[in-house]
Amino acid sequence: MPRTGRASEQLGAGIGMSGTASRDAMDAYDCIAQDFKAARRRAWPSIKEVGNCAGMTVLDLGAGAGRNAVALAEADAALVVAADISIGMLEGMVSEGRHLDRIMPVLCDAMALPFREGAFDAAVCIAMIHHIAGRENRRGALREVRAVMKEGGIVLVTAWARLQGRFAKHLPSMLLARGRGGECGDATIPWGNKATRFYHLYTKGELASDLAEAGFKLERVYGERIRAKFLAENWVAVGRKG
């Protein structure tokens, strides 16, 4: 896994995982890595929010098998750091071999990013933040992202929306999660019969609040539909460090 050399020295990137890493998240995504890579090949539509990346150093946190990192590289980013908690996912990215001259995979925990302050011109967290349990933990991860960004840098964060038809059967459990020590919106969603993954499904206002509490200047929050006809499947938030 290429994490050494001049680029990683400039970023201050360390090697390995922090003590706060989620073993459950690692195990789940390592288990489904090959299936996930085969099923999720297109870049997320809202990646366009980052715009022209010419000459930029961009953090793709929760990069998975690299589909969004590839899109950022193809938008002329000078360097994309594709960070993920799952080594299985990152190995899938490396096996594809696309744009590895400008994509640097890094195994790390979103709760303790191994990069120096102000290392990145922009950051994207696509379908990642909802895998972190506990609101303060999610906000802590967003503060980590803010810390490693340059002033004025753009951040793009997406999360699965709570009220959508495909999760209707999970609504009773989500509503009762607080009584089990969790939060309203918490759910465990299976990937076939191979693994289950924790999600905190968001409301629009909640995502806006989390970015603001992390110190970002919020520019817009909107719903995104991929397959659904009516209800938003994802909430998309765009902000800046300022």
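Residues numbered from 1 in each chain as written. Predicted model: local features only at pLDDT ≥ 70, side-chain atom pairs only at ≥ 80, totals over all residues. Heavy atoms only, no water.

*Asks:* Describe the overall build of the chain, listing the residues and the values that go with them.
*Replies:* If you tally the helices and strands in the chain, you get 7 helices and 9 strands. Against the compact-globule benchmark of 18 Å for 242 residues, the chain has a radius of gyration of 17 Å, which places it among compact chains. Taking the principal axes of the C-alpha coordinates as reference, the chain spans close to 50 × 40 × 35 Å. Per-residue burial for the chain yields a buried fraction of 51% across its 242 residues. Residue pairs in contact within the chain that sit at least 24 positions apart in sequence constitute 66% of those at least 6 positions apart. For the chain, the computed accessible surface area is about 11000 Å², with 51% contributed by carbon and sulfur atoms. (Helix = DSSP H or I, 4+ residues; strand = E, 2+ residues; numbered from the N terminus. Rg over C-alpha atoms; globule rule 2.2 N^0.38 Å. Buried < 20%, exposed > 50% of the residue type's maximum accessible area, 1.4 Å probe, protein only. Contact = heavy atoms within 4.5 Å. Areas by Shrake-Rupley, 256 points an atom, 1.4 Å probe, with all protein chains shown as cover.)

*Asks:* So what about the sheet that holds strand E8 (residues 216-224)? Which residues, and what values?
*Replies:* Pairing in this open sheet of 7 strands is mixed, and the strands run E3-E2-E1-E4-E5-E9-E8 from one edge to the other. Strands at the two margins of the open sheet, each flanked by one partner only, are strand E3 (103-107) and E8. Averaged over neighbouring strand pairs, the angle between their axes works out to 15 degrees when direction is ignored. Sheet strands touched by helix H7 (residues 204-213): strand E5 (149-160), E8 and strand E9 (234-241). Its angle to E8, the strand with the most contacts, is close to 160 degrees. (Pairing = 2+ DSSP bridges. Axes fitted to C-alpha atoms, helices over the stretch in contact; angles between N-to-C directions.)

*Asks:* Describe the packing of helix H5 (residues 135-147) against H7, naming the residues involved and giving the relevant values.
*Replies:* For the pair H5 and H7, interaxial distance at closest approach is 8 Å and the crossing angle is 55 degrees. Relative to H7, the element H5 lies oblique. Note that H5 runs across H7; the crossing there is right-handed. Taken together, the residues of H7 that come into contact with H5 (itself represented by Arg135, Arg138, Arg139, Leu142 and Arg143) are Glu206, Ser209, Asp210, Leu211 and Glu213. (Parallel < 35°, antiparallel > 145°, perpendicular 65-115°, else oblique. Left-handed = near helix turned anticlockwise from the far one by under 90°.)

*Asks:* Can you lay out helix H3 (residues 67-74) for me, pointing to particular residues and giving the numbers?
*Replies:* Among the 8 residues of H3, 6 are classified as buried, and the element is accordingly described as predominantly covered. Among the residues making up H3, those that are buried are Arg67, Asn68, Ala69, Val70, Leu72 and Ala73. Where H3 is buried, its residues meet strand E1 (57-61), strand E2 (79-84), E3 and strand E4 (120-126). Directly after H3, the chain includes aspartate 76, whose backbone phi takes a positive value near 75 degrees.

Don't take any of this as a statement about function, it's just geometry.
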